[in-house]
Amino acid sequence: MSGIFGAFSKNGKPVLEEVYLGLYALQHRGQECAGIAWSENERIATAKGMGLLHNAIKQEYLTQKNVDCAIGHVRYTSLPGSQLHNVLPIGANYARGAVAIAHDGMITNLEELTLQLEKQGAIFQSSTDSEAIIHLMAHKSHMLPLDALIDSLRKIKGSYAVIVLLSGMLIAARDPWGFKPLVIGRKDENYYAASESCALDIVGAKLIRDVEPGEIVVIDDKGVRSLKIQHESCRGMRCTFEYVYTARPDSIIDGVSVYEARKEMGRLLAEQAPCPGAEITAGMPDSGTIAAVGYAERSNIPLEMGVVRNRYVGRTFIQPTQKVRNLGVKIKLNPISEVFNNKKAVVVDDSIVRGTTAEQVVSMIKDSGASEVHLRIASPPVIHPCRYGIDTRKEETLAAVRMTLSELCKKVGADSLEYLSEKNLTAAIGLAEDQICTACFSGKYLEENELKAGA
Ligand code: SF4
């Protein structure tokens with residue numbers, strides 16, 4: 001999972017600081033490293049580093065540069081490889097000029113492509129998906145750069161949203177199924193591409209629209225053009241986990257407010273899994289809070305902000321090791337005993353992936369005096385690995401795979417445990433069933449023939 005942001009100024013205004021701010025708004029999508037790339041004297045220049053954006057890149061350095069087109073990236077990796085050489089954007093000066101690429105997603109035929117390219121003489125400097133795109137372009141140096149990029153995107157499979165800096169153009173492209181979110185925004189003569197619309201808000205830009213699945217949006221001096229990577233695929237695979245957990249609630253993805261979707265998940269959860277006799281509703285901050293608002297509203301069980309989150313600690317799910325995850329929950333969340341003391345509480349969380357957070361949270365809430373803790377999860381059980389770029393790829397690590405519902409309830413120490421159904425999740429998001437991906441809940445992956453249909 002990553003966050004990407006690009007900016008282009010038609011009237012030559014400096015944009016580097018805006019790219020920095022855009023990435024700042026997308027920090028929740030990746031905290032391991034950050035990078036920004038721009039073109040300087042017809043070569044790619046970068047500022048990169050490890051850790052949170054403000055540690056990785058010096059903001060003052062960017063304000064000294066007069067650059068009118070730039071792209072940036074914040075990264076969380078589901079694969080090993082947290083090293084500086086893997087920090088995106090990756091840039092190169094190939095035969096046809098300077099190119100820099102940042103992507104969110106996972107190319108599923110990367111191994112096959114890498115082998116092929118290496119046989120043809122390519123030497124890889126990183127283990128990133130973006131570098132494969134650059135090598136594919138370099139092998140098409142007889143083509144115009146934009147054509148070479150389109151040709152390369154046609155060869156890759158899997159999930160991706162990419163932002164490219166190429167020959168004075170800002171290019172944004174989304175895979176044919178739309179797994180990863182990508183939006184276009186505008187402020188006066190400045191255009192932007194971003195993983196989420198919340199990053200447009202920070203630079204004062206208005207959301208124009210989503211990049212459509214399979215679309216390439218080209219922004220340059222002449223304006224905005226739309227091209228197609230592949231022919232239209234009628235099947236969409238927009239990631240539902242974006243609405244459940246990943247995206248910020250102040251973002252709008254594919255026309256759906258993440259906030260409204262989460263609140264509706266809570267309302268439908270209250271109808272589907274009521275908790276008679278509960279005295280308070282509490283949400284797990286931050287991504288369970290909004291579903292808890294919906295649950296409390298529909299069930300008429302008063303909402304209390306019973307669990308306080310230390311805002312200076314990263315999301316536990318995003319930390320790379322189990323040891324850090326375990327520590328993360330304890331240092332991140334603290335229940336208020338005055339709220340829970342002697343109360344029967346219904347506690348709403350967004351999801352259970354490995355079960356680490358749920359177990360510790362229930363135990364902390366019980367320690368703070370709650371007489372009963374009933375856990376309600378605003379998404380279905382995660383029982384399948386994601387093949388499209390989220391870190392849940394080992395089935396045996398998933399709590400709902402390792403245990404039955406009653407075993408898991410016992411393990412986390414809750415008095416009852418219930419999940420939102422897949423049908424209600426789909427209804428809460430409001431997009432058509434054949435336009436969303438629910439594979440990690442349902443196992444409905446893209447079939448081989450559907451993969452081919454998008455190719
Ligand atoms: S499998 Fe789950 S996490 Fe992966 S893209 Fe589909 S909905 Fe999103």
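Just above sits the structure.
Reading the values: the criteria
- Residues numbered from 1 in each chain as written.
- Predicted model: local features only at pLDDT ≥ 70, side-chain atom pairs only at ≥ 80, totals over all residues.
- Heavy atoms only, no water.
- Phe/Tyr/Trp six-rings, centres within 6.5 Å; stacked < 30°, edge-to-face > 60°.
- Helix = DSSP H or I, 4+ residues; strand = E, 2+ residues; numbered from the N terminus.
- Buried < 20%, exposed > 50% of the residue type's maximum accessible area, 1.4 Å probe, protein only.
- Lys NZ or Arg CZ within 6 Å of the ring centre and 35° of its normal.
- Pairing = 2+ DSSP bridges.
- Axes fitted to C-alpha atoms, helices over the stretch in contact; angles between N-to-C directions.
- Contact = heavy atoms within 4.5 Å.
- Salt bridge = Lys/Arg side-chain N within 4 Å of Asp/Glu carboxyl O.

Following the criterion strictly, the structure yields 7 aromatic pairs and no others. With centroids separated by 6.1 Å and ring planes inclined at 50°, the aromatic side chains of Phe 241 and Tyr 245 adopt a geometry described as tilted. Pair noted here: Phe 241 and Tyr 245 are both in helix α8 (residues 240-246), with a separation of 4 residues, about one helical turn. By relative accessible area, which is 9% here, Tyr 245 ends up buried. Positioned over the ring face of Tyr 445 is Arg 387, at 3.6 Å from the centre of the ring.

Our next topic: the sheet that holds strand β9 (residues 183-187). Taken in spatial order, the 7 strands make up an open sheet running β3-β2-β4-β1-β10-β9-β11, and their pairing is antiparallel. At either end of the open sheet lies a strand with only one pairing partner, and these are β3 (43-50) and β11 (206-210). Neighbouring strand axes in the sheet, compared pairwise and without regard to direction, differ in orientation by 20° on average. The strands that helix α1 (residues 16-25) touches are β1 (2-9), β2 (33-40), β4 (69-75), β9 and β10 (190-194); relative to β4, the one it contacts most, it runs at about 25°.

Turning next to the sheet that holds strand β20 (residues 344-349). If you walk across this open sheet you meet the 4 strands as β17-β20-β21-β22, and the pairing is parallel. The open sheet is flanked by β17 (280-283) and β22 (416-419), the only strands paired with a single partner. When strand polarity is set aside, the average angle formed by the axes of neighbouring strands in this sheet is 20°. Judged from the 4 bridges that link them, β17 and β20 form a sheet pairing that is parallel. Residue pairing for β20: Gly 283 is matched across the bridge by Val 348.

For the rest of this paragraph, the subject is the pattern of salt bridges. Within this structure, the stated rule accounts for 26 salt bridges. With a closest N to O distance of 2.8 Å, Arg 29 and Glu 242 form a salt bridge. Placement of the pair is Arg 29 in the loop between α1 and β2 and Glu 242 in helix α8, with a sequence separation of 213 residues. Like Glu 242, Arg 29 is buried. Residue Glu 189 pairs with Arg 186 through a salt bridge whose shortest N-O separation is 3.1 Å. Classification of Glu 189 as partly exposed rests on a relative accessible area of 28%. By relative accessible area, which is 34% here, Arg 186 ends up partly exposed. In this structure, a network of salt bridges that share partners links the residues Arg 29, Asp 104, Lys 180, Glu 196 and Glu 242.

This next bit is on the environment of Lys 157. On the secondary structure map, Lys 157 appears in the loop between α6 (145-155) and β7 (158-166). Judged by its relative accessible area of 35%, Lys 157 is partly exposed. Counting along the chain gives 50 residues from Lys 157 to Ile 107, while the straight-line C-alpha distance between them is 5.5 Å. If near-sequence neighbours (up to four positions away) are discounted, Lys 157 is found in contact with Met 106, Ile 107, Thr 108 and Asn 109.

Everything listed here is a matter of geometry and, on its own, says nothing about what the molecule does.
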